[in-house]
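Residue strings, one per chain:
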Amino acid sequence: MKVLKFGGTSVGNPHAIEQVCDIIKNNNLQDRCAIIVSAVGNTTDMLVKCGQLAYHKNEKYRYFIEEIEIQHLNIIRALFPSQSNFISSIKKRLNFLEIFCDSIFHVMELSKRSLDRIMSLGELISSYLFYEKIKEYGFKTIWKDSQELIVTDERYGCAQVDIIKSYKKIQYFFSIESAPYAILPGFIASSPRKEVTTLGRGGSDYSAAIIAAALKAEVLEIWTDVSGIMTADPRIVLQAFPIENLFYEEAIELSNLGAKVIYPPTLHPVIEKQIPILVKNTFSPSEKGTRINNAPCFKHSVTGISVKKNMTMITLKGIGMINILNYLKRLFTVLSREKIQVLFFSTSEHSILLGIEESEVMQIKNSINNEFSQEIDKKYLFPVLVEQDLSIITVIGDKTKNMHRTSARMFITLSKNNIYIRDLAYNVSKKNMSAVIKNSDFKKALNVLHETFFEIPPKPINLFVAGIGKVGRKLLEHISIQKTYLIKELQIQVMGLCNSKTMYFEEQGIDVKNWKKNLESGNRMRLHRFIEKIHLMNMHNSIFIDATDSQDVARTYDKLFVKGIGVITCNKIACSSSYKDYKNLKKIARYFKVPFFLETNVGAGLPIISTLNDLLNSGDKIHLIEAVLSGSINFIFNHFKSGRTFSETVREAQKRGYTEPDPRIDLSGIDVMRKILILVRECGDSMELSQIRQKPFLPEECVKANNVESFYEKLSQYENYFGRLREEAKNKGKKLRFMAKYEKGNANVELKSIGPEHPFYQLEGDDNIILYKTQRYYEQPLIIKGAGAGAEVTASGILSDIIKASR
Ligand code: ADP
Ligand code: ASP
Ligand code: MG
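Definitions and cut-offs
- Residues numbered from 1 in each chain as written.
- Chains lettered and ligands numbered in written order.
- Predicted model: local features only at pLDDT ≥ 70, side-chain atom pairs only at ≥ 80, totals over all residues.
- Heavy atoms only, no water.
- Helix = DSSP H or I, 4+ residues; strand = E, 2+ residues; numbered from the N terminus.
- Rg over C-alpha atoms; globule rule 2.2 N^0.38 Å.
- Buried < 20%, exposed > 50% of the residue type's maximum accessible area, 1.4 Å probe, protein only.
- Contact = heavy atoms within 4.5 Å.
- Lys, Arg positive; Asp, Glu negative; His and termini not counted.
- Charge placed at Lys NZ, Arg CZ, Asp CG, Glu CD.
- Core = buried A, V, L, I, M, F, W, Y, C linked by side-chain atoms within 4.5 Å.
- Polar contact = N/O pair within 3.5 Å; in protein donor to acceptor, adjacent residues only side chain to side chain.
- Near = heavy atom within 4 Å.
- Areas by Shrake-Rupley, 256 points an atom, 1.4 Å probe, with all protein chains shown as cover.
- Pairing = 2+ DSSP bridges.
- Axes fitted to C-alpha atoms, helices over the stretch in contact; angles between N-to-C directions.
- Parallel < 35°, antiparallel > 145°, perpendicular 65-115°, else oblique.
- Left-handed = near helix turned anticlockwise from the far one by under 90°.
- Nonpolar A, V, L, I, M, F, W, Y, C, P; charged D, E, K, R; others polar.
- Phe/Tyr/Trp six-rings, centres within 6.5 Å; stacked < 30°, edge-to-face > 60°.
- Lys NZ or Arg CZ within 6 Å of the ring centre and 35° of its normal.
- Patch = residues over 30% accessible without salt bridge, like charges linked within 9 Å, V, L, I, M, F, W, Y side chains within 5 Å.
- Salt bridge = Lys/Arg side-chain N within 4 Å of Asp/Glu carboxyl O.

Draft legend 1. Quick look at the overall build of the protein chain. Each helix and strand in the protein chain was counted, giving 30 helices and 29 strands. Taking 28 Å as the expected radius of gyration for a compact globule of 807 residues, we find that the protein chain reaches 35 Å, considerably beyond that expectation. The C-alpha extent of the protein chain, read off along each of the three principal axes, is 110 × 75 × 55 Å. Expressed as a percentage of its 807 residues, the buried residues of the protein chain come to 55%. Long-range pairs, those at least 24 residues apart, make up 72% of the contacts in the protein chain with a sequence separation of at least 6. Averaging the positions of the 108 positive and the 89 negative side-chain charges in the protein chain gives two centres separated by 2 Å.

Structural data, given as structure tokens:
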């Protein structure tokens, strides 16, 4: 005998039901099967809604009844094209729902008992519908109402099963029935007075377990919409993966502490009879799924991570606590009398901390205060303290292994990611470690812990991109193309975007191919709101990309660092403003252990800064830096040949996108000064921009022109001067290069004429070149050369910084 249970999504639509029928067809026909079915999709939620709306005198309950009817009739029409006569029995149940809700509406009364009657309709309808479909396949099948087999007490909403009576009834029924397939509704049962009861939300798993245990089934198969019990909730951790084998004990811990995939009470009856559980995916039946039993197997040192949201911590404390006799016994007596499940427990000499469900807090707070009222009056104890909006995150260890190292890693990971830990405690067996954290941190905590315990680098990265100009656009293009290649290895998600007008966010990640449309539909851009929203989203591995040239954006980095968000920037402003600010940013980023990468500040995608850092970090000493760092100026001087005027050449460079819209930004040399300053600072020198010596080659009149057109006019008045510069160099067999230099603590930028003996002589087009003369590279300096400007290479540089950050 096998027991199979199919959850709500597995019978949620016609296609899913056919899928389930295939699974049953492919089952070994020699096996007898009891098949337990949940309500279709979210029917139970809608039924609850109907009851509550009717109770609150809200006529909208009719709308939900109609929705339920449409949903079921659509399934019936799709599965049974030639209308069937059983439809009337389903309609009868729906009519009952309507009449029942109408009376709730009129009398404005909704007891837990009535709610159970309403909720029971979901499983009654779905199982009957499913039974009719299975019959069509020609299998000998019966339908049996579980109310006749499972007996409970009268705790409506979450009734306690009378195991002995239920087992007897189940055994008797299956002994007199010979049909190989029995279809039964999950979740529902009946009280001794034959009233409908339910086994708690998610309770169909439990129904199946009771039937499996009563019949000593060879296996209990739970068919759901995920490929087994995963290392963490797959809706929160995209990298979660199925756990192949679990010990019963571990499965209990995982489900008790938040893994919704199995309803916690399910495990007890099957463990008692040592029946293995197989959790499988209805929509991918060939996958192995998870097997739960007690057979030895190889496993990670950590089995899985669960999280329970919306928990409340209650603290009982006071300096007189140690003098109170049996205070623990008294406390636990109160808890057990009130049937409160404690999910977190930690003590010190004069305080006890308990983690419980939010809904139970009022009841237990009063009961504990009453129990200890005398001690509270005598001021031995304070009245119970309550803290809300907390989550308990638990790392479940392999029950065979030691948890000491694991707990240290858990603590380090959470604190490194700026997650406030209210408390930390082992469970009694020392195989699990729980931390109490804020609700607002639970997603981040789950993801970073999953990374620590289950993933090998690179890490998934969540990006917020500011500035969708030329570079920003190219970056989004690169990400959308690279996603196909990187996806297996690295997951880059863009969570937020902004330009100077609008901003747009999506918690599940933005479709970067449609960035334009998304951005157009976004909210008005306000920089402080953009930053606030990043903080609020509180994603793990968040990186802010600054692809703007804005000073205001550059001023936000420190606010991001302190929240654990990294920055990758091609905006030079932050690192070339005052040395104090530069140093401060570096210090904060280091303190909060977040990436701060600025490779594209100098030479676009060329590995100029990373090479310099590698040299310094490995103990080398820099003697000289010499560089051509302006692709625009280099392009201009390489194209300023006899027969062409200087202004013509500059215009062409501008037209081809080699210069800024105002070419003076390039020609004035300020950009090169900023770049060499950044390199100097990376070398550890505390230089300011004003300390860089500069010999301008652009006449002052040109620099001061009112606008770009009058700049060109002025430029043409100086053609003789520029022509002379070129001819003088040419006559000496030299070329003009705008060079930056750093040596012996001094830095300067100037236009130089250099001969063929110089390594920069052959520099083509708009390329950049940099020479590092170091202690190691003394005779043969280290040279890096290549395209050093343009959106394409800058975006590639940013992308490689992102990949670096992910490692
Ligand atoms: P069913 O309707 O089949 O009973 P449930 O919705 O009750 O399914 O449980 C399956 C869901 O549990 C999954 O879709 C998943 O989102 C959630 N879940 C939470 N934690 C885990 C986990 N550790 N492993 C697998 N699923 C989990
Ligand atoms: N239909 C019930 C619920 O949604 C029981 C179940 O699906 O297990 O809670
Ligand atoms: Mg379930």
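Draft legend 2. Looking closely at the nonpolar core. By size, the foremost hydrophobic cluster in this structure holds 77 residues, and its most contacted members are Phe 530, Phe 544 and Leu 679. It is helix 26 (residues 670-682) that contributes the most residues to this core, 7 residues altogether. In this structure, Ala 209, Ala 212, Ala 259 and Val 279 belong to the second largest nonpolar core, which totals 56 residues.

Draft legend 3. Here's a closer look at helix 28 (residues 708-717). For helix 28, the set of buried residues is Ser 710, Phe 711, Tyr 712 and Leu 715. Buried residues along helix 28 sit in contact with helix 24 (646-655), helix 25 (664-667), helix 27 (700-703) and helix 29 (719-731). Among the residues of helix 28, the N-terminal cap falls to Asn 707, whose side-chain oxygen and the backbone nitrogen of Glu 709 are separated by 3.2 Å.

Draft legend 4. Quick peek at the site of ligand 2. In the vicinity of ligand 2, the contacting residues are Ser 38, Ala 39, Thr 44, Glu 123, Phe 187, Arg 201, Gly 202, Gly 203 and Ser 204. Take Thr 44: an N or O atom from its side chain is 2.7 Å from a nitrogen atom of ligand 2. Between ligand 2 and Glu 123 there is a distance of 2.6 Å, counted from a nitrogen atom to a side-chain nitrogen or oxygen. Burial of ligand 2 by the protein amounts to 86% of the accessible area it has alone, namely 260 Å².

Draft legend 5. Main features of the sheet that holds strand 26 (residues 735-743). The strand order across the open sheet formed by 6 strands is 25-27-26-24-28-29, and the pairing between neighbours is mixed. Where the open sheet ends on each side, the last strands, each with one partner, are strand 25 (693-695) and strand 29 (782-787). When the angles between neighbouring strand axes are averaged without regard to direction, this sheet yields 20°. In this sheet, strand 27 (residues 746-754) lies alongside strand 25 in parallel orientation, the contact comprising 3 bridges. Looking across to strand 27, one finds that Gln 694 is bridged to Val 749.

Draft legend 6. The pairing of strand 10 (residues 290-293), seen in detail. Across 3 bridges, strand 8 (residues 245-247) lies against strand 10 in parallel orientation. Its bridge partner being in strand 10, Asn 245 is matched across the sheet by Arg 291. In this structure, strand 9 (residues 277-281) lies alongside strand 10, joined through 3 bridges in antiparallel fashion. When the sheet's bridge partners are listed, Leu 278 is paired in strand 10 with Arg 291.

Draft legend 7. Broad picture of helix 7 (residues 204-214). Taking burial as the measure, the 11 residues of helix 7 include 11 buried ones, the bulk of the element. Listed as buried for helix 7 are Ser 204, Asp 205, Tyr 206, Ser 207, Ala 208, Ala 209, Ile 210, Ile 211, Ala 212, Ala 213 and Ala 214. Residue Lys 216 follows helix 7 closely and has a positive phi angle near 50°.

Draft legend 8. Seen up close, the packing of helix 23 (residues 631-639) against helix 24. Helix 24 packs onto helix 23 with a crossing angle of 135° between their chain directions and a minimal axis gap of 9 Å. One finds that helix 23 runs oblique with respect to helix 24. For the crossing formed where helix 23 meets helix 24, the hand is right-handed. Residues Phe 635, Ile 636, Phe 637 and His 639 of helix 23 form the contact with helix 24, whose own contacting residues are Phe 646, Thr 649, Val 650, Glu 652 and Ala 653. The residue inventory of the contact of helix 23 with helix 24, partitioned by class, reads 6 nonpolar, 2 polar and 1 charged.

Draft legend 9. Quick peek at the packing of aromatic side chains. Using the criterion set out here, one finds 29 aromatic pairs in the structure. With a centroid separation of 5.6 Å and an interplanar angle of 45°, the aromatic rings of Tyr 128 and Tyr 131 are classed as tilted. Here Tyr 128 pairs with Tyr 131, and both are found in helix 5 (residues 112-136), just 3 residues apart, close to one helical turn. Judged by its relative accessible area of 12%, Tyr 131 falls in the buried class. Their ring planes at 85° and their centres at 5.1 Å tell us that Phe 173 and Phe 174 sit as a pair that is edge-to-face. Ring pairs connect the aromatic residues Phe 637, Phe 640, Phe 646, Phe 697, Tyr 721, Phe 722 and Phe 738, which therefore count as one cluster. The ring of Phe 105 has Lys 57 lying over it, and the distance from NZ or CZ to the ring centre is 4.2 Å. A cation over an aromatic ring shows up here: Arg 651 above the ring of Tyr 712, its NZ or CZ 4.0 Å from the ring centre.

Draft legend 10. Up close: the packing of helix 24 against helix 28. With their axes 8 Å apart at the nearest point, helix 24 and helix 28 run at an angle of 150° to one another. Every residue of helix 28 that contacts helix 24 at Phe 646, Ser 647, Val 650, Arg 651 and Gln 654 is listed here: Val 708, Glu 709, Phe 711, Tyr 712, Leu 715 and Ser 716. Among the residues making up the contact of helix 24 with helix 28, the classes are represented as 6 nonpolar, 3 polar and 2 charged.

Draft legend 11. Summary view of the site of ligand 1. Around ligand 1 there are 16 residues in total, and Thr 224, Asp 225, Met 230, Arg 235 and Lys 260 lie nearest to it. Within the backbone of Gly 8, an N or O atom sits 3.1 Å from an oxygen atom of ligand 1. For ligand 1, an oxygen atom lies 2.9 Å from a polar atom in the side chain of Arg 235. Its free accessible area being 570 Å², ligand 1 has 89% of it covered by the protein chains. In terms of residue class, the shell around ligand 1 is made up of 7 nonpolar, 4 polar and 5 charged.

Draft legend 12. Representation of a nonpolar patch on the surface within the structure. Together, Leu 328, Phe 332 and Phe 345 make up a nonpolar patch on the protein surface, roughly 230 Å² of accessible area in all. Tracing the backbone through its elements, the reader meets Leu 328 in helix 10 (residues 327-337).

Draft legend 13. Geometry of the pairing of strand 11 (residues 302-317). A large share of strand 11 lies buried, amounting to 13 of its 16 residues. With 10 bridges connecting them, strand 11 and strand 14 (residues 385-397) associate as antiparallel partners. Bridged to Ile 305 within strand 14 is Val 395. The pairing of strand 11 with strand 13 (residues 351-357) spans 7 bridges and is antiparallel. What sits directly across from Lys 317, in strand 13, is Ser 351.

Draft legend 14. Examining the pattern of salt bridges more closely. Applying the stated criterion across every chain yields a total of 38 salt bridges. Its salt-bridge partner being Glu 154, residue Arg 193 comes within 2.7 Å of it at the nearest N-O pair. Taken as a pair, Arg 193 in the loop between strand 5 (188-190) and strand 6 (196-198) and Glu 154 in the loop between strand 3 (141-143) and helix 6 (163-176) lie far apart in primary sequence, 39 residues in all. For the salt bridge of Lys 804 with Asp 801, the shortest nitrogen-to-oxygen distance reads 3.6 Å. Highlighted residues: Lys 804 and Asp 801, both in helix 30 (residues 791-806), separated by 3 residues, approximately one helical turn. Sharing partners across several salt bridges, the network here consists of Glu 59, Arg 62 and Asp 102.

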